[in-house]
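# A look at the structure
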Amino acid sequence: HALWTAGGQHPFKNPLEAGLITVFESSKPVTSSNNIPELFSDNPDHYYQSQTAEPAYITIALPPFLRVKLTSYKVGVPTQQGQRKGGLASWLVFGSEDDKDYVLLDNRSDNQDLREPGVICTFDVTQPSEKYFRYIRLQNNGPTHIGQHRIIASAFDITGRLIIC
């Protein structure tokens, strides 16, 4: 299921603001208007922008009783009122049970899908695991489409099989 809407069965709720997840960042956001809750917003004008870092990442922590076997994820590029704000070009997605040992689930290099403002794409994981994870990490792995080493993204959601443990 798409976690934030139970596969479209429920109206959208920002999972961070609803207390469904906790998120850790590699750095503080650039401005308070581009903070981490905006990454999960359903408003296409809202987005998250990290500080420049190599690597920049965000780690989503599910509640202690919940695990996901990630099958796909959704990520978007901010609309920015028509300004060119290219999103991620090269990134990695990892899963972890303990927030220490991470398993690579997806690796995108010089991807062109997130180049244009307002685009939202769903990506299947390219290296699926049979494991269930409490932590999911999105990490930049090179410059964005505007040449910055940071995360610029919106509309992030994860899809997979959930278990209660």
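These notes cover the structure that comes with them. The shown structure was predicted, so the numbers you read here are calculated from the model rather than taken from an experiment. (Residues numbered from 1 in each chain as written. Predicted model: local features only at pLDDT ≥ 70, side-chain atom pairs only at ≥ 80, totals over all residues. Heavy atoms only, no water.)

### Examining unusual backbone geometry
Of note in this structure, D99 is not a glycine but carries a positive phi near 65°. Within the element layout of this structure, D99 appears in the loop between strand 5 (91-96) and strand 6 (102-108). Positive phi values are uncommon outside glycine, yet D110 reaches one of about 50°. (Helix = DSSP H or I, 4+ residues; strand = E, 2+ residues; numbered from the N terminus.)

### A few points about the pairing of strand 5
Most of strand 5 sits out of view: six of its six residues are buried. Covered by surrounding structure in strand 5 are W91, V93 and G95 together with L92, F94 and S96, the residues of both alternating faces. One ladder, built from six bridges, connects strand 5 with strand 6; its direction is antiparallel. Along strand 6, the bridge assignment pairs L92 with N107. Connecting strand 5 to the antiparallel partner strand 6 that follows it, the hairpin turn spans five residues, and D99 within it adopts a positive phi of roughly 65°. Where strand 5 meets strand 8 (residues 135-140), six bridges bridge the pair, whose relative direction is antiparallel. Its bridge partner lying in strand 8, F94 is registered against R137. (Buried < 20%, exposed > 50% of the residue type's maximum accessible area, 1.4 Å probe, protein only. Pairing = 2+ DSSP bridges.)

### Here we look at the side chain of T59
Along the chain, the position of T59 falls in strand 3 (residues 57-61). One polar contact links T59 to R137, side chain to side chain, over a distance of 2.8 Å. Apart from the residues lying within four places of it in its own chain, the contact partners of T59 are T22, V23, F24, D99, Y102, Y135, I136 and R137. (Polar contact = N/O pair within 3.5 Å; in protein donor to acceptor, adjacent residues only side chain to side chain. Contact = heavy atoms within 4.5 Å.)

### A few points about the pattern of salt bridges
In this structure the tally under the stated criterion is four salt bridges. Where E130 meets K69, a salt bridge forms, and the shortest distance between an N and an O atom there is 3.2 Å. Highlighted residues: E130 in the loop between strand 7 (120-124) and strand 8 and K69 in strand 4 (residues 66-76), separated in sequence by 61 residues. Assessed through its relative accessible area of 66%, E130 is described here as exposed. With a shortest N-O distance of 3.9 Å, R137 and D99 are connected by a salt bridge. With R137 in strand 8 and D99 in the loop between strand 5 and strand 6, this residue pair connects regions lying 38 residues apart in the sequence. By relative accessible area, D99 is classed as partly exposed at 30%. (Salt bridge = Lys/Arg side-chain N within 4 Å of Asp/Glu carboxyl O.)

### Examining the sheet that holds strand 5
Judged by pairing direction, the sheet is antiparallel, and its five strands sit side by side in the order 1-3-8-5-6 without closing on themselves. The open sheet has two free edges, formed respectively by strand 1 (22-25) and strand 6, since each of these has just one partner strand. Neighbouring strand axes in the sheet, compared pairwise and without regard to direction, differ in orientation by 20° on average. (Axes fitted to C-alpha atoms, helices over the stretch in contact; angles between N-to-C directions.)

### A short note on the nonpolar core
A general trend in soluble globular proteins is that nonpolar side chains are found buried together. Grouped together as the largest cluster of nonpolar side chains are 33 residues, with contacts concentrated most on F40, I58 and F156. Elements with a contribution of two residues or more to this core: strand 3, strand 4, strand 5, strand 7, strand 8 and strand 9 (152-164). When residues in this core are grouped by element, the largest group, five residues, is from strand 4. Discounting chain neighbours no more than four positions away, the residues touching I58 are V23, F24, E25, I36, L39, Y48, I136, R137, L138 and I151. (Core = buried A, V, L, I, M, F, W, Y, C linked by side-chain atoms within 4.5 Å.)

Keep in mind these numbers describe shape, not what the thing actually does.
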